[in-house]
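For reference, the chains in residue letters:
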Amino acid sequence: PSFLEAVERKLESDSPDFILRFKEEVKVDGRNGRLLTYLYKEKNGKTRKDLKALTLVVDADRRFWTLTCKSKAQDFEKVKGPCRQALLSFKVLSPAKN
């Protein structure tokens, strides 16, 4: 849990105007994970756009994975279901043995 909290804090510090909307503890491929829903702003030149994202962080012992699905904030409800389904279907592949 402390590792997942550290990743969450890093996301928050790296994203301007980060607003956490929802946090859910999940199991993905038998491993602990955290699914975050949050708003943030992305700057592109002089314009800033409001985005909403689902980010899955999966703890796999000495490795971790972060997967993100994002959209314009106003379009998020249209993509939320398929994004959530795709993120939660993540499978951890074992590293190749030499």
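To be clear, the structure that these remarks concern was listed above.
Residues numbered from 1 in each chain as written. Predicted model: local features only at pLDDT ≥ 70, side-chain atom pairs only at ≥ 80, totals over all residues. Heavy atoms only, no water.

Engineer: Could you give an account of the side chain of Arg 34, naming the residues involved and the relevant values?
Structural biologist: Mapped onto the elements of the fold, Arg 34 is located in strand E2 (residues 31-44). Residue Arg 34 is classed as buried on the basis of its relative accessible area of 4%. Separated by 3.1 Å, the side chains of Arg 34 and Glu 8 make a polar contact. (Helix = DSSP H or I, 4+ residues; strand = E, 2+ residues; numbered from the N terminus. Buried < 20%, exposed > 50% of the residue type's maximum accessible area, 1.4 Å probe, protein only. Polar contact = N/O pair within 3.5 Å; in protein donor to acceptor, adjacent residues only side chain to side chain.)

Engineer: Which residues make up the pattern of salt bridges, and what values do they have?
Structural biologist: Evaluation of the coordinates by the stated rule reveals nine salt bridges. One continuous salt-bridge network, built from bridges that share partners, spans Glu 8, Lys 23, Glu 25 and Arg 34. (Salt bridge = Lys/Arg side-chain N within 4 Å of Asp/Glu carboxyl O.)

Engineer: Before we move on, could you go through helix H1 (residues 2-14) and cite the residues and values that matter?
Structural biologist: Taking 1.5 Å per residue as the helical rise, H1 with its 13 residues ought to reach 18 Å, and the 18 Å between its terminal C-alpha atoms agrees with that figure. Taken together, the buried positions of H1 are Leu 4, Val 7, Glu 8 and Leu 11. Looking straight down H1, one finds its buried side chains confined to an arc of 100°; they lie on one side. Residues of H1 that are exposed and angled more than 90 degrees away from the buried face: Ser 2, Arg 9 and Ser 13. Elements in contact with the buried residues of H1: strand E1 (19-28), E2, strand E3 (47-60) and strand E4 (63-72). (Expected span 1.5 Å × (residues − 1). Arc of directions from axis to C-beta. Contact = heavy atoms within 4.5 Å.)

Engineer: Provide a residue-level description of the state of the cysteines, including the pertinent values.
Structural biologist: For the structure shown, the criterion picks out one disulfide. Each disulfide pairs two cysteine sulfurs, and for Cys 69 the partner residue is Cys 83, the sulfurs being separated by 1.9 Å. Placement of the pair is Cys 69 in strand E4 and Cys 83 in helix H2 (residues 76-88), with a sequence separation of 14 residues. Cys 83 carries the same exposure label as Cys 69, and that label is buried. (Disulfide = S-S within 2.5 Å.)

Engineer: Break down the pairing of E3 for me, with residues and values.
Structural biologist: Sheet topology note: the E2/E3 ladder contains twelve bridges and is antiparallel. Looking at the pairing, Arg 34 lines up with Val 57 of E3. Linking E2 to E3, which pair antiparallel, is a turn of two residues; within it Gly 45 sits at a positive phi near 70°. A loop of two residues connects E3 with E4, the two strands running antiparallel in sequence, and Asp 61 in this loop sits at a positive phi of about 65°. (Pairing = 2+ DSSP bridges.)

Engineer: Could you give an account of the side chain of Thr 55, naming the residues involved and the relevant values?
Structural biologist: Inspection of the secondary structure puts Thr 55 in strand E3. In terms of polar contacts, Thr 55 uses its side chain to reach the side chain of Tyr 38, at 2.9 Å.

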